[in-house]
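Letter by letter, the chains look like this.
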Amino acid sequence: VSPEPADFDLLTQSHTRPECFGVLYERHAHAVFRYLARRTGPAPAEDLLADVFVVAFETRFRATRHETRSCLPWLYGIAGNIVRSHRRSRAAPHSANQDAYGVDWDAVDTRLDAAARRSELEHALSTLTDVDRELLLLVAWEGLSPSEAAVALGLTPTAARSRLHRARARAQAVLDQPCPTPEGVS
Amino acid sequence: MNLDLLLRETAGTAGPSTQALAGARDALAIAISEASGRAAAVAHIRRRRHRAAMTAVLAAAASVALVVGPTLDLGDQPPRATADAVQAVLSAGEAAGQQPGGWPAANYWYSLSEYQQVSHFTERSGETLRREVWVGRTASGALMDPGVNEGTVPLDGPGTFSPGSLALTWDDLYALPTDPAQLEQELLDLLNTDDRSRLFAATADLLSESPASPALRKALWQVVAQVPDVQLVGHVRDGAGRSGTAVQVVIPDFGHRRMIFNDQDGSLLEQETVQRGDAGETESFRITYLSQGPTETAPTPDAAQPTES
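Scope of this entry: the structure provided in the associated data block.

### Some words on the overall build of chain B
Working step 1: Check the secondary structure of chain B and you find 8 helices and 11 strands.
Working step 2: For chain B, with 309 residues in total, the buried portion stands at 49%.
Working step 3: A separation of at least 24 residues holds for 57% of the contacts in chain B among residues at least 6 apart in sequence.
Working step 4: When the accessible surface of chain B is summed, it comes to about 13,700 Å², and 50% of that surface belongs to carbon and sulfur atoms.

### Quick word on the nonpolar core
Working step 1: Residues A:Phe21, A:Leu36, A:Leu49, A:Phe53 and A:Trp74 are the most contacted members of the largest nonpolar core, which totals 65 residues.
Working step 2: Leave out the neighbours within four places in its chain, and A:Phe21 touches A:Leu11, A:Ser14, A:Phe53, A:Ala56, A:Phe57, A:Arg60, A:Trp74, B:Leu28 and B:Ile32.
Working step 3: With 51 residues, the next largest nonpolar core counts A:Ala159, B:Trp103, B:Val148 and B:Val230 among its residues.

### Brief notes about unusual backbone geometry
All names here are of chain B.
Working step 1: Although it is not a glycine, Glu209 sits at a positive phi angle of roughly 50°.
Working step 2: Mapped onto the secondary structure, Glu209 falls in the loop between helix H7 (199–207) and helix H8 (214–225).
Working step 3: When its relative accessible area of 16% is taken as the criterion, Glu209 is described as buried.
Working step 4: The backbone of Asp229 sits at a positive phi, close to 65°, despite the residue not being glycine.
Working step 5: Inspection of the secondary structure puts Asp229 in the loop between H8 and strand S7 (231–237).
Working step 6: With a relative accessible area of 57%, Asp229 lands in the exposed category.

### Remarks on the interface of chain B and chain A
Where interface size is given, it is often the accessible area lost as the parts come together that is meant.
Working step 1: With 71 residues of chain B at the contact, the number on the chain A side is 77 residues.
Working step 2: In total, about 6,400 Å² of surface goes out of reach between chain B and chain A, with carbon and sulfur atoms giving 61% of it.
Working step 3: Run the count over chain B and chain A and you get 3 salt bridges.
Working step 4: Between B:Asp205 and A:Arg161 there is a salt bridge; the shortest N-O distance is 3.6 Å.
Working step 5: If one sorts the elements of the side of chain B that touches chain A by residue count, helix H3 (residues 41–62) of chain B sits on top with 10 residues.
Working step 6: Residues of the side of chain B that touches chain A, tallied by class, amount to 40 nonpolar, 18 polar and 13 charged.

So, how was this worked out
Residues numbered from 1 in each chain as written. Chains lettered and ligands numbered in written order. Predicted model: local features only at pLDDT ≥ 70, side-chain atom pairs only at ≥ 80, totals over all residues. Heavy atoms only, no water. Helix = DSSP H or I, 4+ residues; strand = E, 2+ residues; numbered from the N terminus. Buried < 20%, exposed > 50% of the residue type's maximum accessible area, 1.4 Å probe, protein only. Contact = heavy atoms within 4.5 Å. Areas by Shrake-Rupley, 256 points an atom, 1.4 Å probe, with all protein chains shown as cover. Core = buried A, V, L, I, M, F, W, Y, C linked by side-chain atoms within 4.5 Å. Buried area = accessible area lost by both parts, 1.4 Å probe. Salt bridge = Lys/Arg side-chain N within 4 Å of Asp/Glu carboxyl O. Nonpolar A, V, L, I, M, F, W, Y, C, P; charged D, E, K, R; others polar.

This is the structure in structure tokens:
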């Protein structure tokens, strides 16, 4: 039994046999959707999913490769750009929502017990630069290695590793600080 | 609150609906169909509409797509038999294991290196950059790397070492088994994979900028020897002009990843990743380790750090 072809084998085949790209969709649509949903919410993610794969198909000749031969880092890079375009198109001029790698915090899991957690995380990550925040989330939420996340963000592997370390430490330091007590509450 | 726990708790999200999957599949099918020259007239109309909407995102996507750079002289030689590579790597392990040391209680691990990336992603493509890092065992460290930021950048909190997506503490590093079979299995378990080809990169990560003990370094090289298709390149000179032995794994449709080690002491001199695109363009990343060792102090980061655009 031959193993399943690696993503980049399929990508190469899709240059002359475009239908091969469909296998990549079946393989990664769920993961890309979750990436989108974590950053924009489920409803926009459903609209944006097609855009990611159509853009990926159109730019398949210029895919950024990773030694794991997985397409996911490259797809997340495209998805990140599409999220930013989406946010820019929806944000008022000069709005803070035009963050380069923003997160729609309302989109983060709104289960009752997660609501407070979401605020904590938002607070902790607010101290990070946009790129460092996205780097941390690509590793933590999407399960990429630092070098894979580097592909998605256009960083060197070394820079990604250093930035990740710094981002993790900084976010943890914020979490370690005592919570401010609301005025009037003793 | 632990950051890792918090990230795990907030990672949950629902999957796509059946309709969303079908809709995206249809949109992609139209694009594929047109590329195959089988588009129907109605599909062309839909596509033109879609193209208009996609102009902005295509422009944005281009920024993550292509990496083109001049081809470096990589000193490629025809790889010899894998058995030669195994022997060379095992010899490196023996040499590494005989070195003095073991630094479970040092304050910092200092590494000096130079690196170069050839890529159109970076504004400093092809430029050789000097990197100094002080990784703290229990205290915060510091980094001087103009590729990350100017000045002295703080590395907040105790240092971590990252084979793949992992973040091992100093103590974790010293808790790794030094039996090669156990270490290989431990790394595969930690990486949550059974793909042994991933161990080449993971071991390189642990051999570089880390206070791994001589016994662990020996075991890491023994793990490298078991990586499928590891090839001996032969005697080469690294970016600093030092003589060493290079081994590599060739990754089909990607390029290769290479390590150069010192035959005398089994130290890692350099690692390099080269990616070749379909049109023959080349992207490369090479880091040359110039010195490393334990140290008791680290520089004070600049007060203005970290500020980053």
